[in-house]
Each structure stands twice: as structure tokens, then as C-alpha cells.
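A closer look at the structure
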Amino acid sequence: MIYWDIFWAFFISNLLGYGGGPSTIPLVQNEVVNRYEWMTIREFGDLLAIANVLPGPIATKMGGFIGYQVGGIPGMLIALAATILPSAIAVIILFKFVNLFKDSPHVKLLTGSVQPVIAILLGVLAYQFFITAFETSGMVHLLILTAAGWLLLYKIKIHPALIILCALGYGGIFLS
């Protein structure tokens, strides 16, 4: 039964996640944290941070890790298949219709309408991460990490992946 749950969680998330990685993150988070309770919001946030640092599509990295954590190697393979299948099916079926409807005003309206929804979902996810960070780390650590992240990213222009690694190191040293 756990393998079916793994498949369904990632298949639905990636089927409904219009536009790729950023739009699927809140959907995966809902399935993994809220529905099946395989992870806490903090664990999911840590996984998201690490997955952002590594190269490649974020959805497959998260699916592979969570699938392995929940169901071992078969769970990892099932989660990866469920992550990839919606896109593969859509490409195969819709490939013939791309040229027919690409200039349609209805398609353009749909695409434009979905973007604010994705932004709101990501905003809710960021708010949940903020609340979790505040509750577990406290205001002092949160302000230190926020100020240091802003300074390193915008003033010194360090790559975001290095900032995430530094924040992970800070958390490992001061928040363990």
C-alpha cells in the first residue's frame, strides 16, 4: 500500500504542477507533510534547501529522496516514475496540438492566470517555512541568517547555492 501512496502523491503533484519545479513544490509539500505525514515541515524545508543546491530538476531530486526514505529503493524508483510520467504523457499526447493552439488567446489567458496562483502557493510555502524557522530557531538566529543571506546575495554577490550551504553549516553548528 505504501508504494501506491508514494506513486499517487508524486503523480498527482506533478500532474497538477503546471510549469515545472516551482509550482510542484507546494503540491509535493502538501502530500508529503500534510496528507501522508512522511516528513515535518522543517525536514521538508531542509530537503528543499539541499535539493536547490544540487544540479538537475528539483522535483526528481525530491521525489527520489522522499521515495527512498519512505519505501527504500523500490519507493525511490516509483517516486521517480510518478514524477516523470505526467510530463512524459503530456508531451506525447499534446505534441501534435502545440502548433494548433500556441497563439490562441484562451491558451495565453490560461497561462497568464496560472502564474499568480503559483506565486501565492510559493508565498504560503515561504510563510510556513518562516513560522517553522521562527519557532525552532528563534528570532536572533532568524535575523542573523536573513541579514547575512541578504548581504551575501545582494551586496557581495555570492552564488545562492553557496549561501544555502553556509546557512546549512550555521544551522549545523549553532542550532543542533
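In the block above lies the structure referred to throughout.
Quick look at the structure, then. What you see is a predicted model, and the numbers here were worked out from it, not measured in a lab.

So, on to the layout of surface pockets. Of the pockets and cavities examined, the largest pocket occupies roughly 1,200 Å³. For the largest pocket, the lining is made up of 35 residues, of which Gly45, Ala49, Ala133, Leu145 and Ala167 are closest to its centre. When contributions to the lining of the largest pocket are tallied by element, the ones reaching two or more residues are α3 (41-53), α6 (105-137), α7 (139-155) and α8 (160-174). Broken down by class, the residue content of the lining of the largest pocket amounts to 24 nonpolar, nine polar and two charged.

For α6, spanning 33 residues, the distance from its first C-alpha to its last is 48 Å, which sits close to the expected 48 Å at 1.5 Å a residue. Listing the buried residues of α6 in full gives Val114, Ile118, Leu125, Thr132 and Ser137. In this structure, the buried residues of α6 make contact with α2 (21-35), α3 and α7. One or two steps after α6, the chain reaches Gly138, where phi turns positive at roughly 95°.

Looking now at a nonpolar patch on the surface. Taken together, the side chains of Leu85, Ile89, Ile92, Ile93, Leu94, Phe97, Leu100, Phe101 and Val107 make up a nonpolar region of the molecular surface, amounting to roughly 870 Å² of accessible area. Considering every element that reaches the nonpolar patch, the biggest residue donor is helix α4 (residues 58-94), with five residues. Within the element layout of this structure, Val107 appears in helix α6. We classify Val107 as partly exposed; its relative accessible area is 34%.

About the criteria used
- Residues numbered from 1 in each chain as written.
- Predicted model: local features only at pLDDT ≥ 70, side-chain atom pairs only at ≥ 80, totals over all residues.
- Heavy atoms only, no water.
- 1 Å grid on protein atoms, 1.4 Å probe; cavity = no way out; pocket = protein on both sides within 12 Å on 5 of 7 lines; lining within 4 Å.
- Points joined across faces, edges and corners; volume = space filled by probe spheres on them.
- Helix = DSSP H or I, 4+ residues; strand = E, 2+ residues; numbered from the N terminus.
- Nonpolar A, V, L, I, M, F, W, Y, C, P; charged D, E, K, R; others polar.
- Expected span 1.5 Å × (residues − 1).
- Buried < 20%, exposed > 50% of the residue type's maximum accessible area, 1.4 Å probe, protein only.
- Contact = heavy atoms within 4.5 Å.
- Patch = residues over 30% accessible without salt bridge, like charges linked within 9 Å, V, L, I, M, F, W, Y side chains within 5 Å.
- Areas by Shrake-Rupley, 256 points an atom, 1.4 Å probe, with all protein chains shown as cover.
- Salt bridge = Lys/Arg side-chain N within 4 Å of Asp/Glu carboxyl O.

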